[in-house]
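Chain and residue survey
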Amino acid sequence: SLAIRNNGTVRCWGLNQYGQCNVPGDLGPCSKVAASVIHSVALQIDGAVRGWGNNYDFQCNTPPDLGPCIDIAANGTLGTSSTVALTRDGAVRWWGGPVPFPQVSAPCVAIATSWQQVLTLEALCPKCPASLDGNCLVDGSDLGMLLDKWGSCPIATTGCVGDINDDGAVNGADLGYLLNAWGPCTN
């Protein structure tokens, strides 16, 4: 089992046959965690992905060109393990295990895995970041969400709601972006 404390530190307990509970000492604050039978994965607050435990299928070797991510998942068992990440631009990346992963063309907003399956949730309006509620319309609902989150993003958050420009704060820059995009999304 994996958990994140309020300060972003990762805690792990349970079966540790493959070192999957040996959290790296230099991990730093994280916003999400995921686990398979043999490895663990964490999403750091800067969007970096780190894996540890058994690396039989190279599922702990984060690709150097991955870039910042907003979601992670881990799946499999010995000989079929993989790690899946969702990048900030909605691309789904996969590494490890021998199961072929198809290209996902549409931007996605969430991922999940089970043993040898990956589920993706495609964005309703993929190129409309100001539609905070995802309904493809920038309106008062989105303005309310932005104002409700005004200020700094919590320490253990990557891409917090309202931080449209991903600068770590919900502020006037985000408000300007939202107001400029007011109305139906154009894509």
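Residues numbered from 1 in each chain as written. Predicted model: local features only at pLDDT ≥ 70, side-chain atom pairs only at ≥ 80, totals over all residues. Heavy atoms only, no water.

**Notes on the state of the cysteines**
In this structure the tally under the stated criterion is one disulfide. Residue Cys 128 pairs covalently with Cys 185 via a disulfide, S to S 1.9 Å. Taking the torsion about the S-S bond as the criterion, the Cys 128 to Cys 185 disulfide, at about -65°, is left-handed. On the criterion of sequence distance, the pair formed by Cys 128 in the loop between strand E10 (117-122) and strand E11 (137-138) and Cys 185 in the segment after strand E14 (183-184) is long-range, its members being 57 residues apart. (Disulfide = S-S within 2.5 Å. Helix = DSSP H or I, 4+ residues; strand = E, 2+ residues; numbered from the N terminus.)

**Here we look at the sheet that holds strand E6 (residues 69-75)**
The antiparallel open sheet is built from three strands, whose spatial order is E6-E7-E8. Every other strand in the sheet has two partners, leaving E6 and strand E8 (92-96) as the edge strands with one partner each. Put simply, the sheet's adjacent strands are angled 20° from each other on average, direction ignored. (Pairing = 2+ DSSP bridges. Axes fitted to C-alpha atoms, helices over the stretch in contact; angles between N-to-C directions.)

**Re the side chain of Asp 57**
For Asp 57, the location among the structural elements is in the loop between strand E5 (49-53) and E6. Polar side-chain contacts of Asp 57 include one of 2.8 Å to the backbone nitrogen of Ser 81. (Polar contact = N/O pair within 3.5 Å; in protein donor to acceptor, adjacent residues only side chain to side chain.)

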